[in-house]
Amino acid sequence: MAAVNFELKEYQEASLGAFRQYLKQADLHGGETAYVLQTKLPFYQAPYVADGTPYVCLRVPTGGGKTIMGAYAVGIAAKEFLHVANPMVLWLVPSTPILEQTVAALKNQDHPYRAALAKDFGRNISVLTKSEALAMSRADAEGGACIIVSTIQAFRIEETDGRKVYEDAGSLMDHFSGLSEDQVARLDTVEGTNRPVASLANLLKLHRPMVIVDEAHNARSSLSFDTLARFDPSLILELTATPNVDHAPAKDKYASNILHSVSAAELKAEQMIKLPIRLTTDRDWRKTVGGALDSRNQLEEAAKAEQAETGEYIRPILLFQAQSKSQADPHRITVEALQKYLLEDKRLPENQIAVVTGNKTEIDGVDLKDTDCPIRYIITVSKLKEGWDCPFAYVLCSVAEQTSKTAIEQILGRVLRMPQARLKRRDALNRAYAYVASQSFDDAAQRLRDGLVEGAGFNRLEADEIISPQAGLGFDKLADETSHESDAIEDEAVTAESVEEIFKRLPPSVKSRVSFNPETKTVAFTGQMTREGRNLLQLATSKIPQFEKVIDRLYAKSNNFQESAAAYEAKPPFIVPRLGFWKQGRLELFGTEHFLDLPWRLDDCDPKTILERFKVIDESQSGEIDVSDKGKVEIQFVRRMQGELGAVIQEPAWTLPRLANWLDMGIQHPDVTKPAAILFITGAIEALIASGFELDVLARNKYDLRKALAGLIRDLRGERENGNYQALFASDAQNFATSSDMAMIFDEANYAYNQPYSGATKFDKHYTSLIGDLKFEGEEFDCAVYLDRHAKVRYWIRNVENKRTAFWLQLPTGKFYPDFVAMLDDGRILVVEYKGAHLYEQEAPKRQIGDVWAEASDGKCLFCMPTARNFSIIDDVIGMN
């Protein structure tokens, strides 16, 4: 298999980290208790499924890469909860197109999805469709990770095709030979006998599959859960942008247990999606189509310029959403009517138009990203809502006035994906565009917001920012003939000839109103500039960076949007120096490499302390654990499930070297060489054997032993890190410094958070339009209010923990992300970490590194840690006198 270079995005790592932590807790406490401990939210039991079954959802907006997360989740579940090297996975998808895409990717040795599985299972992977699984070999089922991809409909016993799953099949007989009485007792048997039915359903039940439900909002009925329950799942993981949050079993509504949510800001910061969405409306559908066509043409010009500079090929695609047919309304703008209009009135080449409907799909087997592909326009009704992905889709045009929720919400996400997940040099190519036939811009904007929330999985507050309605379009009024002049464009490359060449390509409706003065280097626009006009001007001038803000201000000026002036204020860059350390004549960003020598000689540590950590639990006593009855049920579910999975395979005899190698493979230690780790682990096993444990007993309890060893290594690592860290400050404090070369910059486009602030208190000085991860009450909130109202604070920003674009300082173990960073009026940078009184004393390392950072900056940076609402320390540090 060829090496596949793929790095998970920060939000993907955070989501999978939450899943890993949940399964670790579920291994100890069961699915429900683990969820409540981690989220502080109520847990909703999946109907029909055994009590104690872990059942959680990772919420990821459209374009966030749910499938790659599902592939990584298999290895996490196998290690942290299932305790097997050969998990069986039932991967359920909502439609045949998605099934085909998922299977093809998981089978492709060079695809990142397959690489994600190979990371944990190597070459021991089988990927099967349902029809292939009906004849799978025992080697496929037991030789490693076995992934069966299907729709949930294909497993419903009510369907003719689904019944095959439950029927006796000679090709599966071998899977049921040599089973114990306990294993047979769990399975469906042939009527009147004790022989298990040799069916795929029984095979799944035997292997207690992990169930991954992709686009889980499509499988919420009691019938779907009843189908899942037939296979006795070990755990259920849902992946969706729009999880159900309403729990009303009487109405057949079952809520998802949302374990982790990803925000649109995180996707934007990782350059995964195009934002904002520029919306243009017109009551006339023909004008709406014309505007969309002009927009796409201008985008293609920008894409050609982008390719000339970067080599990246983009062919912007326009998605048309037509109306469905109706005998009651012969005037509807159907697919056929729209296609005829494009061909005959707009004279578009026929080979550039593709139709995708229920009975006609002209893009099957077509690589839309191929440079030889001519397709630039796709007409659909709602067919593209699932199972279709092309980052070249930039413009969405809906040609019919709509007053209720329609498929526009379901296909909006198709124009959001960013090509190559990388920002383009031209901002026009970093946005998406929507053209909607509507008499009301506000109504259309609200429907798109609803689409972002309900169809693409965005937060409501984020959706409000992404599409902002502004009143007074005045489509039905005569144009004002007043001429409005822009600010000067300070760019020597801008000449009369270059601007005139750009303006020539504008549509007549805009070209007749815009002009350029080469002496003052200003742009003039006659009358009120519409949103469409603004969009077209910015698209046409996308090669000139300064033009975007100039056009934005001219747009606001021509429409007399006085209240929007603050939005166009040129803020100073928010630059924060980071802490460096001089090493061999170079100033480097301070990190663990400055106080930890690698590799760590773990084999120099005493392994005998494992005797204090490892105990074999007498399973016969497990029913007497002092927990609630519900807790007993959950713990018994976990232990029974793990025992049943372990019984499926008869393992060969264990030797000490084999056990040591197995334990090592399951413990992450990037700072330790494998030989050093094997020596340490071998010493630990020998110490246990010397204390009276038999090797077979250790092998039988290998997962508990691995957990104990991992904890011991983690604690030894922490002791080493703390000791070396403090020694560095004692001996090399003079080597710390800050430098503008290592500074970080807070930026609206890269500001990532988990949830936007939604409180009633209005903040005036936050650097970005939305505030991330701030509660609307409490001591930390009061600290934010104090900063916002402080006379010497110009701007401040909520510094969100564990984000790549956040400010951090290195601690002995991990990184320290202070709560707030402020820019003062005099240019100094203030960092504030608030701590409750009960936590203050234990946070000495944070105060230490914060003070070192401030002292190294020669007075340019300040640090403080207020506690118990004593915010006067902020005044003292700033110097209010």
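Residues numbered from 1 in each chain as written. Predicted model: local features only at pLDDT ≥ 70, side-chain atom pairs only at ≥ 80, totals over all residues. Heavy atoms only, no water.

Another aspect to go through is the overall build of the protein. Scanning the protein from terminus to terminus reveals 28 helices and 26 strands. Put simply, of all contacts in the protein between residues at least 6 apart along the chain, 73% involve residues at least 24 apart. Carbon and sulfur atoms make up 48% of the accessible area of the protein, which amounts to about 39100 Å² in all. (Helix = DSSP H or I, 4+ residues; strand = E, 2+ residues; numbered from the N terminus. Contact = heavy atoms within 4.5 Å. Areas by Shrake-Rupley, 256 points an atom, 1.4 Å probe, with all protein chains shown as cover.)

A few words now on the side chain of Glu721. The residue Glu721 is located in helix 25 (residues 702-732) in this model. Arg717 is the oppositely charged side chain nearest to the buried, salt-bridge-free Glu721, at an N-O distance of 4.8 Å. When neighbours within four sequence positions are excluded, Glu721 is seen to be in contact with Phe595, Leu596, Pro812 and Thr813. (Buried < 20%, exposed > 50% of the residue type's maximum accessible area, 1.4 Å probe, protein only. Lys, Arg positive; Asp, Glu negative; His and termini not counted. Salt bridge = Lys/Arg side-chain N within 4 Å of Asp/Glu carboxyl O.)

Running from N to C, helix 3 (residues 66-82) and helix 5 (residues 112-121) point in directions that differ by 10°, and their axes come no closer than 8 Å. Viewed along their axes, helix 3 and helix 5 adopt a mutual orientation that is roughly parallel. Along its contact with helix 3, which presents Thr67, Ile68, Ala71, Tyr72, Val74, Gly75 and Ala78, the element helix 5 presents Pro112, Tyr113, Ala116, Leu117, Lys119, Asp120 and Phe121. Residue composition of the contact of helix 3 with helix 5, grouped by class: ten nonpolar, two polar and two charged. (Axes fitted to C-alpha atoms, helices over the stretch in contact; angles between N-to-C directions. Parallel < 35°, antiparallel > 145°, perpendicular 65-115°, else oblique. Nonpolar A, V, L, I, M, F, W, Y, C, P; charged D, E, K, R; others polar.)

Further remarks concern the nonpolar core. Ranked by internal contacts, the top residues of the largest apolar core, which has 148 residues, are Phe19, Met136, Leu200, Met210 and Phe320. Looking at which element gives the most residues to this core, the answer is helix 3, with eleven residues. Residue contacts for Phe19: discarding those within four places in its chain leaves Val56, Ala73, Ile76, Ala77, Met210, Leu235, Leu237 and Leu259. Phe581, Ile797, Val821 and Ala854 belong to the second-largest nonpolar core, a separate cluster that totals 36 residues. (Core = buried A, V, L, I, M, F, W, Y, C linked by side-chain atoms within 4.5 Å.)

This brings us to the pattern of salt bridges. What the rule picks out here adds up to 32 salt bridges. Close ionic contact of Lys835 with Glu833 constitutes a salt bridge, the shortest N to O distance being 2.8 Å. A relative accessible area of 11% means that Lys835 is categorised as buried. On the accessibility criterion, Glu833 (2% relative accessible area) is buried. Members of the salt-bridge network, linked through shared partners, are Glu306, Glu309, Arg425 and Arg426.

Summed over all chains, the structure comprises 32 aromatic pairs. Ring centres 6.4 Å apart and planes at 90° place the aromatic pair Trp654 and Trp662 in the edge-to-face group. Grouping aromatic residues by their ring pairs yields a cluster made of Phe581, Phe590, Phe595, Tyr725, Phe729 and Phe736. Its guanidinium or amino end placed over the ring of Tyr394, Lys274 lies 4.2 Å from that ring's centre, counting from NZ or CZ. (Phe/Tyr/Trp six-rings, centres within 6.5 Å; stacked < 30°, edge-to-face > 60°. Lys NZ or Arg CZ within 6 Å of the ring centre and 35° of its normal.)

Okay, the side chain of Gln12 next. Tracing the chain through its elements places Gln12 in helix 1 (residues 10-29). Take Gln12: its relative accessible area is 2%, and that puts it in the buried class. The residues touching Gln12, leaving out its near neighbours within four places in the chain, are Gly64, Gly65, Ile68 and Met69.

The strand order across the open sheet formed by three strands is 15-17-16, and the pairing between neighbours is antiparallel. In this open sheet, the two edge strands, each paired with only one partner strand, are strand 15 (483-485) and strand 16 (514-517). Neighbour to neighbour, the strand axes of the sheet diverge by 25° on average, direction disregarded. Both strand 15 and strand 17 (residues 522-526) contribute to a ladder of three bridges, which runs antiparallel. (Pairing = 2+ DSSP bridges.)

Moving on, we get to the sheet that holds strand 5 (residues 210-214). In spatial order, the strands read 3-4-2-5-6-1-7; together these seven strands make up an open sheet with parallel pairing. Every other strand in the sheet has two partners, leaving strand 3 (125-129) and strand 7 (258-261) as the edge strands with one partner each. Across the sheet, the mean angle from the axis of one strand to that of its neighbour is 20°, orientation sign disregarded. Here strand 2 (residues 88-93) pairs with strand 4 (residues 145-151) via six bridges, running parallel. Residue Met88 lies in a different strand from strand 4, and its bridge partner there is Cys146. Where helix 4 (residues 96-107) meets the sheet, its contacts fall on strand 2, strand 3, strand 4 and strand 5, and the angle it forms with strand 4 comes to roughly 160°.

A word on the environment of Glu300. Relative to the assigned elements, Glu300 resides in helix 12 (residues 285-310). Among the residues examined, Glu300 registers a relative accessible area of 10% and is labelled buried. In this structure the C-alpha to C-alpha distance between Glu300 and Ala540, which are 240 residues apart in sequence, comes to 9.9 Å. What Glu300 contacts, discounting residues up to four positions off in sequence, is Pro316 and Arg376. Of the polar contacts made by the side chain of Glu300, one reaches the side chain of Arg296; its length is 2.6 Å. (Polar contact = N/O pair within 3.5 Å; in protein donor to acceptor, adjacent residues only side chain to side chain.)

This part takes up the confidence of the model for the protein. Of the residues in the protein, 87% have a pLDDT of 70 or more, and the chain-wide mean is 84. Predicted confidence for residues 403-407 stays below pLDDT 50, and this span has six contacts to residues more than four positions away or in other chains. (pLDDT = per-residue confidence, 0-100.)

Bringing the pairing of strand 21 (residues 793-798) into the picture now. Burial of strand 21 is extensive: five of the six residues sit out of reach of the surface. With five bridges connecting them, strand 21 and strand 24 (residues 820-824) associate as antiparallel partners. Following the sheet pairing, Arg798 is matched in strand 24 by Phe820.

Another point: the packing of helix 22 (residues 656-665) against helix 25. For the pair helix 22 and helix 25, interaxial distance at closest approach is 10 Å and the crossing angle is 60°. Comparing the axis directions of helix 22 and helix 25 gives the class oblique. Our pair here, helix 22 against helix 25, has a crossing hand that is right-handed. Counted together, Leu659, Trp662 and Leu663 of helix 22 and Lys702, Tyr703, Leu705, Arg706 and Leu709 of helix 25 form the full contact between these two elements. Class assignment of the residues belonging to the contact of helix 22 with helix 25 gives a composition of six nonpolar, no polar and two charged. (Left-handed = near helix turned anticlockwise from the far one by under 90°.)

This brings us to helix 3. The largest bend in helix 3 is about 30°, located at Ile76. Along helix 3, 16 of the 17 residues are buried, which leaves the element largely enclosed by surrounding structure. Where helix 3 terminates, the next one or two residues include His83, which has phi positive at roughly 60°. (Bend = angle between axes of the 7 residues up to and from the residue.)

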